[in-house]
Amino acid sequence: MSKQPSSMCPAFGAVRNLLRMEDAVPIVISSGDGCLYGHTFVAHFYVANRPIHSPGVSSEIWAKGSMFDELRAMVIDLAERHRPALIPICSLCVSDTVGLPFELLPKQIGNTEVVYVPLPAYSVHTHARAKDIVVDSLVWRLPPQRKARAGVNLIGEIFPSDPIAIDEVLRRMGTHVNTHVPGPRWNDYVAMVDGALNAPLHPFYSESVKRMKMKQGLPFVEGAPVGVAGTYAWLHAVGEALGLEPSAVARVAAEERDRVRTALDAHRLDGRTFMVAGYEGHEFLLVRLLIEAGASVPFLSTAVNANPLARTEERWLAEHGCTVLYGANFEDEIGALTARPYDCVIGTTPLCAHAKELGIPAIYYTNAIATRSLMLAAGAADVLALVEQTLGAKRRYERIARFFAEDEEALVPTYTSWAPKLDLTEQLIAQSAL
Amino acid sequence: MSTPLRPGIAAAELSSDIVNTPIRKRVTDLDHAGGDTGAMQVFAALADANVVLDGPVGCHVMPAVAVVNYTDSIPYLQNVTCSELSEQEVTLAGTLGVLTEKVTAAAAGGRQVFIVSTPVSELIGASWSAGDAAVAGSPLFFDAHALDDDEYAARDRALLFLWQHRDHFVPPGEAEPRKAGPSVNIIGPTYGNFNSYSDLAELKRLVAGIGAEVNLVFPFEASSYDTARLAQADATICLYREYGCSLARELGLPTFFAPIGLEPTTTFLRDLGAALGLQAQADAFIRREKKTTLAAWQDIWRSTHSDFFANAPIAIVAPPTYLEGLRYYLGDELGLPIAFAAARTGPESVPNAEVRRALTEASPSPMLVFGSINERMIIAQEQLPSRFLQCSFPGAVVRRATGTPFVGYAGAVWLLQCVCETLFDVLFANLPTSAEPPVQAQTSTGEALREAVAIVAEAGKGRNSVISWSQEAKELAETTLRRVPFFVRVSVNKKLRAEAEHAARERGSEVDAAIVREIVARYRPR
């Protein structure tokens, strides 16, 4: 059976990051009202209280090709009215299939950069890939790297205080954080031309960093300062890539590694089994922390597609008993949930819903984990404290699950609380590889 | 002023023409879903249905996971999948291959499969006609007009589509016999209707109250094979006017709309009673309700609470049912002045930019704004003093407790309670507060008397202690006050004057526009 990742609409990964920018006025060319309604609804719920502009679409508009003129007028109008630094044009499935002549749009209007961001969900496939496309599209607009460059460009949606903490560590090694994207301003991206090294902190910015390496000769390091081994390896990689004083690098890397270890020792998870599923891309890093804290994570289900950066993370996880399932699918995940007992589930909405129904403590990855730091000792302590708290709620989850179970005496896994019932599950489990 | 909705509608009067929200050249913050979503919301509500959306993964996850979790508080619709189109299908292969796989899986266990087109599949001209033979069972293809229809038009067509295919659906056992007594169909809700769980509960309570039975709640409490049973009722009630009329007209039974407001509910009960031969029971129920459910209404109405109403202007932006219902109930029956009312969707829909202008320019600002998150954003962005009450999607909300109806007598009580509580809240927010500590005495009375003279003399404003206001400052203060709801205007006026004059004294100047602006900014709602 053909299977695409059960990702949130991939394009939303991009819309989300662009709508968060303070000096951008994004335009979303939707495939239809159903599509645009979804993006608008979700964006206004948890991205920003900012308008989403779109040219109207209908079969007649597509057939006549009249939309492009409207789009051009709209771009000019928005540029003149708001004078933003950036007007990103998110082109979703239908407009990208139709193939609008985006090269005919002005590239600059006054101080405003007009950037086309291609996001046909059927070929982008994942949320993570869409984020990579945003960075890639914006960076493509930049001039070549400057001659005098220094510091590290951090790439990845991380906790607001993470760049500050990382900067503090890097300064002890003789370098610093140059800029961080995706950031709230266009200048955060512009500053990338001054950096000497790219650090994609989440394992999916492979296209962006590859292109910057080819076009601008800017090298990149893999991994992130997460967990004991991860922190140590990342700091060494940065030191090596920038030719920093080896003794300083070794000293700082060892210090930070020991700090993370101390944090992990305060939150041991030995003997606990976790199921982790995510579509954000940093689920790899979370699993690292869980494993280093002593937990067993038999597999990681991720909507991220296999890419060079993820391979490195995958290897580390495989060496520690975790199989990575790319292109995660709801049905597979739900099937896997009943395959063995779990102490805690960190995953997507549907997966968590099933886990809670079974009395397993569960939290939604995007809401609970993506809003926290994972980096360095403070990040490890923060996220593991949340995990501990969730584990501690086991009895509460069980009590509710028992109440809703068919037989209140014995908690039997059932899928009964939603109408209408799903008849697909069993068949899909049978057909899947799990 | 509008007239109350006439609850009893002759079948011939029901509009069967599919009405659509106009497609505009430019859209800011779209407020309605498209045809594929609307169709899915109907078919997925059937207990025996699996829905396969013929589109890329986002066309499935957006409406059936991400949005439904915040409209219906359901983690995801378990009976919806999609064909998961990739580049291969869109550019080369077409959707039939992947669609057949998905439909085959979905048809397992005898489920009725509905295939719904999406913008992408419509664009590449995908169709199911050739796939039919390959799959056991009888999947049905529904052309959602995803590029053109809004969610309401699609719901209306999908409901009619079910009726037209009623012979296609095979009941697993004996068909349920006709109810012994008089019975009604309730058409609606589907998934994704604001407040529908409460509205349905209240409507069922009213029906039971007059001694009638519910034949079928369609599609929400039905299976596809129940569709033919719609003919076994004595009347039809459309929960909302936005969709279901085409089906109601085809059924040809006496048809009613769910009532909003006191008088419309009374008329509804009497007319429904008459149509079902239950006049006496209807009258008895109304009498009972006056002493029970509506006792609360009468008490609130007799209280001073209602004295605020005439000076509490409101705005309503909602789909037609709630727009007309609230306009009549809050405007005509309760007497709250309607500052502005606009249709959210449908042919009369008002673009967001016009809603923004109307809300911003209204003087005084509406004290309460009933709307969606779009109005909520306008209030925040334009820093209006209005309070927001949600009465429509979009906008994440949890409305699964069934005690918050808009329709029926219980709805009249609930809405009255909401209005009063929100007005109390406005009052609270405008009273002087100890959140700011008491002002400390800096001087003795004697010193104050001497200093005031000195300051006034120095500023060249004459010998009296009245601080003068520049023309611009006066105008600005007036404009500001005009926007403030009436019953708190006196408090706000006092506060503004005291603080402005205090600032002027400190600076030794008259009250100028800059001072007023500073003070106004301090009191902007956050």
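Residues numbered from 1 in each chain as written. Chains lettered and ligands numbered in written order. Predicted model: local features only at pLDDT ≥ 70, side-chain atom pairs only at ≥ 80, totals over all residues. Heavy atoms only, no water.

### Let's talk about the overall build of chain B
Within chain B one finds 19 helices and 14 strands. Taking the principal axes of its C-alpha atoms as reference, chain B extends roughly 100 × 65 × 35 Å. In chain B, buried positions account for 56% of the 526 residues. By sequence separation, contacts in chain B at least 24 residues apart represent 74% of the contacts at least 6 residues apart. A total accessible area of about 21300 Å² is found for chain B, and carbon and sulfur atoms account for 53% of it. Looking at charge distribution, chain B has the averaged site of its 46 positive side-chain charges lying 8 Å from that of its 60 negative ones. (Helix = DSSP H or I, 4+ residues; strand = E, 2+ residues; numbered from the N terminus. Buried < 20%, exposed > 50% of the residue type's maximum accessible area, 1.4 Å probe, protein only. Contact = heavy atoms within 4.5 Å. Areas by Shrake-Rupley, 256 points an atom, 1.4 Å probe, with all protein chains shown as cover. Lys, Arg positive; Asp, Glu negative; His and termini not counted. Charge placed at Lys NZ, Arg CZ, Asp CG, Glu CD.)

### Points about the sheet that holds strand β6 (residues 152–155) of chain A
Think of a sheet as strands paired side by side through backbone hydrogen bonds, with each pair either parallel or antiparallel. All names here are of chain A. Spatial strand order, β7-β6-β8: three strands in an open sheet with parallel pairing. In this open sheet, the two edge strands, each paired with only one partner strand, are β7 (177–181) and β8 (197–200). Each strand of the sheet is rotated relative to its neighbour by a mean of 20 degrees, with strand direction disregarded. Pairing geometry for β6 and β7, over four bridges, is parallel. When the sheet's bridge partners are listed, isoleucine 155 is paired in β7 with valine 181. Set on the sheet, helix α8 (residues 162–173) makes contact with β6 and β7; between it and β7 the angle comes to about 155 degrees. (Pairing = 2+ DSSP bridges. Axes fitted to C-alpha atoms, helices over the stretch in contact; angles between N-to-C directions.)

### Some details on the state of the cysteines
Residue and element names in this part refer to chain B. Under the definition given, this model contains zero disulfides over all chains. With no disulfide partner, cysteine 82 has as its closest neighbouring cysteine sulfur the one in cysteine 59, 7.5 Å distant. Given a relative accessible area of 1%, cysteine 82 falls into the buried group. (Disulfide = S-S within 2.5 Å.)

### Some remarks on the packing of helix α1 (residues 10–19) of chain A against helix α7 (residues 127–140) of chain A
All names here are of chain A. Packing of α1 against α7 leaves a shortest axis separation of 6 Å and a crossing angle of 45 degrees. Viewed along their axes, α1 and α7 adopt a mutual orientation that is oblique. Here α1 and α7 pass one another in a crossing that is right-handed. Between α1 and α7, the residues in contact are Pro10, Ala11, Phe12, Gly13, Ala14, Arg16, Asn17 and Leu18 and His127, Ala130, Lys131, Val134 and Leu138, respectively. (Parallel < 35°, antiparallel > 145°, perpendicular 65-115°, else oblique. Left-handed = near helix turned anticlockwise from the far one by under 90°.)

### As for the sheet that holds strand β6 (residues 140–142) of chain B
Residue and element names in this part refer to chain B. Pairing in this open sheet of four strands is parallel, and the strands run β4-β3-β5-β6 from one edge to the other. Only two strands of the sheet have a single neighbouring strand rather than two, namely β4 (80–82) and β6. Averaged over all neighbouring strand pairs, the angle between strand axes comes to 25 degrees, with direction disregarded. Pairing of strand β3 (residues 49–54) with β4, which is carried by three bridges, proceeds in the parallel orientation. Bridging across to β4, leucine 53 finds its partner in cysteine 82. Where helix α2 (residues 57–71) meets the sheet, it contacts β3 and β4, and its direction lies at approximately 160 degrees from that of β4. Across the face of the sheet, helix α4 (residues 96–107) comes into contact with β3, β4 and β5 (112–117) while running at roughly 170 degrees to β3.

### With respect to the interface of chain A and chain B
Between chain A and chain B, the residue contacts involve 67 residues of the former and 65 residues of the latter. For the pair chain A and chain B, the number of links is three salt bridges. Arginine 26 of chain B is the partner of glutamate 70 of chain A in a salt bridge, and the nearest nitrogen-oxygen pair spans 2.5 Å. Inspection of the chain A/chain B interface yields twelve residue pairs in polar contact (both at pLDDT 80 or more). Ranked by the residues each element gives to the side of chain A that touches chain B, the list is headed by helix α2 (residues 33–46) of chain A, at eleven residues. (Salt bridge = Lys/Arg side-chain N within 4 Å of Asp/Glu carboxyl O. Polar contact = N/O pair within 3.5 Å; in protein donor to acceptor, adjacent residues only side chain to side chain.)

### Quick notes on α2 of chain A
End to end, α2 of chain A covers 20 Å across 14 residues, agreeing with the expected 20 Å (1.5 Å per residue, within 8%). Across the 14 residues of α2 of chain A, twelve count as buried, placing the element largely inside the fold. Of the positions making up α2 of chain A, those classed as buried are Asp33, Gly34, Cys35, Leu36, Tyr37, Gly38, His39, Thr40, Phe41, Val42, Ala43 and His44 of chain A. Of the surrounding elements, those touching the buried residues of α2 of chain A are α1, β1 (27–29) and β2 (53–55) of chain A together with α1 (35–43), α2 and α14 (373–381) of chain B. (Expected span 1.5 Å × (residues − 1).)

### Considering the confidence of the model for chain A
Taken as a whole, chain A shows an average pLDDT of 88; of its residues, 92% reach a score of 70 or greater. Between residues 412–434 of chain A, whose pLDDT stays under 50, and residues either more than four places distant or in other chains, the model counts 49 contacts. (pLDDT = per-residue confidence, 0-100.)

### With respect to the packing of aromatic side chains
Here a ring pair, both rings aromatic, is described through the centre-centre distance and the interplanar angle of the planes. The full count for this structure, using the stated rule, is 24 aromatic pairs over all chains. Both rings, one in phenylalanine 284 of chain A and one in tyrosine 326 of chain A, keep their centres 6.4 Å apart while their planes meet at 40 degrees; by these two values the pair is tilted. Of the two residues, phenylalanine 284 of chain A sits in helix α13 (residues 283–292) while tyrosine 326 of chain A sits in the loop between β11 (323–325) and α15 (330–337), which places them 42 residues apart along the sequence. Seen from their ring centres, phenylalanine 114 of chain B and phenylalanine 169 of chain B are 6.1 Å apart, and the 55 degrees between their planes marks the pair as tilted. Placement of the pair is phenylalanine 114 of chain B in strand β5 and phenylalanine 169 of chain B in the loop between α6 (151–164) and β7 (183–187), with a sequence separation of 55 residues. Judged by its relative accessible area of 0%, phenylalanine 114 of chain B falls in the buried class. For phenylalanine 169 of chain B, a relative accessible area of 5% corresponds to the buried category. (Phe/Tyr/Trp six-rings, centres within 6.5 Å; stacked < 30°, edge-to-face > 60°.)

### Some details on the packing of α13 of chain A against helix α14 (residues 308–319) of chain A
Helices that pack against each other are described as a pair by the angle of their axes relative to one another and the distance between those axes. All names here are of chain A. Running from N to C, α13 and α14 point in directions that differ by 20 degrees, and their axes come no closer than 10 Å. Viewed along their axes, α13 and α14 adopt a mutual orientation that is roughly parallel. The interaxial crossing formed by α13 with α14 has left-handed handedness. Residue-level contacts link Phe284, Leu285, Val287, Arg288, Ile291 and Glu292 of α13 to Ala310, Glu313, Trp316 and Leu317 of α14.

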